[in-house]
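Architecture at a glance
Given next are the chains, with one letter for each unit.
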Number of protein chains: 2
Amino acid sequence: MAYTTIDYEALKAFSLHVFEKFGYTPEESAIITSVLLTSDLYGIESHGIQRMALYYRCIQNGRIDLHAKWETVHETPLSAVIDAHACIGQLVSHYAMNRAIEKAKAHGAGFVTVRNSNHFGIAGYYAKMAVEKGLIGMATTNSVPIMVPTYASTAMLGSNPLAFAAPAEPYDFFFDASTTVVTRGKVEVYTKKNEPLPEGWTVDEKGLPGHDAGYILNNINQRLGGGILPLGGATEQLGGHKGYGYGMVSELFSSILSLGLTSNHIDGISPGGICHGFIAIDPHLFGDPDAIKAHFSAFLQELRQSPKAEGQSRIYTHGEKEVEATARIRKEGVPVNEKTIEEMRQICQDLNIDMTSFLGEITF
Amino acid sequence: MAYTTIDYEALKAFSLHVFEKFGYTPEESAIITSVLLTSDLYGIESHGIQRMALYYRCIQNGRIDLHAKWETVHETPLSAVIDAHACIGQLVSHYAMNRAIEKAKAHGAGFVTVRNSNHFGIAGYYAKMAVEKGLIGMATTNSVPIMVPTYASTAMLGSNPLAFAAPAEPYDFFFDASTTVVTRGKVEVYTKKNEPLPEGWTVDEKGLPGHDAGYILNNINQRLGGGILPLGGATEQLGGHKGYGYGMVSELFSSILSLGLTSNHIDGISPGGICHGFIAIDPHLFGDPDAIKAHFSAFLQELRQSPKAEGQSRIYTHGEKEVEATARIRKEGVPVNEKTIEEMRQICQDLNIDMTSFLGEITF
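Residues numbered from 1 in each chain as written. Chains lettered and ligands numbered in written order. Predicted model: local features only at pLDDT ≥ 70, side-chain atom pairs only at ≥ 80, totals over all residues. Heavy atoms only, no water.

1. Some remarks on the interface of chain A and chain B
Frequently, the measure chosen for interface size is the accessible area removed from exposure when the parts meet. Taken together, the contact between chain A and chain B spans 88 residues of the former and 88 residues of the latter. Taken together, the two surfaces of chain A and chain B that pack against each other cover about 7,300 Å², and 71% of this comes from carbon and sulfur. When the buried area of chain A at its contact with chain B is split by residue, Tyr151(A), Tyr246(A) and Phe286(A) rank highest and sum to 10% of it. Run the count over chain A and chain B and you get 2 salt bridges. Applying the counting rule to chain A against chain B returns 38 residue pairs in polar contact (both at pLDDT 80 or more). Counting only elements with at least two residues in the side of chain A that touches chain B, the list comes to strand E2 (71–76), strand E3 (79–83), strand E4 (109–117), strand E5 (136–141), strand E6 (162–166), strand E7 (173–177), helix H8 (240–256) and helix H9 (289–305) of chain A. Sort the elements by how many residues they give to the side of chain A that touches chain B and H8(A) lands first, with 13 residues. Looking at the side of chain A that touches chain B residue by residue, the classes come out as 46 nonpolar, 32 polar and 10 charged. (Contact = heavy atoms within 4.5 Å. Buried area = accessible area lost by both parts, 1.4 Å probe. Salt bridge = Lys/Arg side-chain N within 4 Å of Asp/Glu carboxyl O. Polar contact = N/O pair within 3.5 Å; in protein donor to acceptor, adjacent residues only side chain to side chain. Helix = DSSP H or I, 4+ residues; strand = E, 2+ residues; numbered from the N terminus. Nonpolar A, V, L, I, M, F, W, Y, C, P; charged D, E, K, R; others polar.)

The following block contains the structure:
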């Protein structure tokens, strides 16, 4: 698939305008745009600006209720449970993590769960919000069912990312990963390349190893059985029950503690349904935040400087790749594929937006 | 290796007596015994009664200070940081999780970290303590370095288990797993069987795939380089960077937030050094605990009843195997291998304990 690169600031101005045209206020549009473009800056194309078209469709078909106002249905000094009433995931999640941060600043820790929401973008965005306030952040979400539990043949859990972030120098610790071995996006890439899937990624509707990317992807999308394996693969030999366990931890802190829908009940058609969980922890709970940050930074440095495997030149700590991708993409532009450009053109046609005035003439 | 089975109550009485002979009070001995035998009941031989000899050696060589009193070095309503002063891991950890539970009962959540401790047994024991009080529990520990980070050739993190437990019917949710693909115990089993290690478990001192179990085990024990891979294996293809990330989360909540030694600085010779983390969360933070428990129980039931992979008859939820193993082992006896029996005999000789009066004549 052909790619173009678009200047980051131009893409941002375009996104701000488009989401306003969808019906969001400038403040709301700024939050949604920030979540999407942070993903692009981190090099995670699947959760970036290419989702704009999905959100547009979801607003049109009612899965996202543009006018919904979320509601806090339970609250304590340390916690809140929010019913999103099917609003867009980014807005309620930004609000929810800010509430968790306020509670952590006031009392040491904050726990906010959200039910009946939509896609919220990358989990790490919200974990990072806490770090920017000097806190430790955690964020998770469930999703439509993707993950096939160990020894099962049907997807019952979502991609269920767990994200953790904590202050460190010169890079904050930032770890955001699906609890499946890979995301659906990776299977899509293999479908486009028409290459067989690696062993240990997926199973078919019989729960047997899946290698035909297009077949598996269709199975997932049409809910015909099978799906993506948990981190650790199909059996206990490489720890598949562990990835399944982390997926369960994600459900616990999203759908279970919000009394929302577990992933197996999210149909991808009805409005809302997705659940999130957000935690902020003040390092003051454990002493001097600067000493803790320095201690963590020293360990991260020792990891990066430790002996490399033969043939490897570098050991990464979590968060480094995102910092480097951000610097590169801010300078070189955001890579956007031709399908996304075509979808953006269609949206602009529908909404009478002059795309060229924002992005110039796009060539591949 | 030959095994015998020993009646659970007889083994418990024996262990209580031995730890008292080591110098612990009856109350202390009961806690240590409870942690060890819970592991045996769960079918995790590596962390059970076979550790008795290790603790005896550690007391003799000073890694465990029998007379040490731990000290709370930082405290807030929600949290505490404890310096164990090299006492036995089980006692300070039992105390620490009880403090976390008290704090959660009083304020909604409790976070206690411990530094300068010793092996604490299975992480899940402490997570389970919270569940027995109706709370959600988490426990983690670091250890001597075992885990080789992605693209590295030297072990820098421990086995770093993360354990989570939450109330559910008919079995509590109980997930306790190392963040390495397997534990050192599994490599020991392959050494004894003289079988090659599966691909994706270990690397040698060059960071290249390791298949010779004895060689790798010696490398780990002598710190000659290499070690066990993170969950997800050697590269990013199967998500090794994710297992490495979970290992980092364990360090964060153990060594970093206690300002203790990170795994790469634990030499396995000096007293203490190991760090733990304990969290308890009251489900009242999120509404009616009974409704949350019922919601979780329903999801766990749906998982168990979902369609099975071809050739599989059962899907487990986390905690089921431990409940079933407990029932079986309480009835049939605790399997103990001949090496452990020999070590127990040696201890009894040293301490003038009549082992036969507790365990009868042992035959294989």
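2. Focus: the sheet that holds strand E10 (residues 227–228) of chain B
All names here are of chain B. Across the sheet, which stays open at both edges, the 3 strands sit in the order E9-E8-E10 with antiparallel pairing between neighbours. The sheet is open, and its two edges are formed by strand E9 (209–210) and E10, each paired on a single side. Relative to E10, strand E8 (residues 202–203) runs antiparallel, the two being bridged by 2 bridges. Pairing of threonine 202 across the sheet is with isoleucine 228, part of E10. (Pairing = 2+ DSSP bridges.)

3. Remarks on the relation of the copies chain A and chain B
Overlaying chain A with chain B gives an RMSD of 0.0 Å, the required rotation being 180 degrees about an axis along which the chain moves by 0.0 Å. Here the transformation between the copies is reduced to the relation of a two-fold axis. Using C-alpha coordinates, one finds that chain A approaches the rotation axis most closely at Gly232(A), a distance of 2.7 Å. Looking at the interface residues of chain A, 100% of them are also at the interface in chain B, so both copies use one shared face. (Least-squares fit on C-alpha atoms with pLDDT ≥ 70 in both.)

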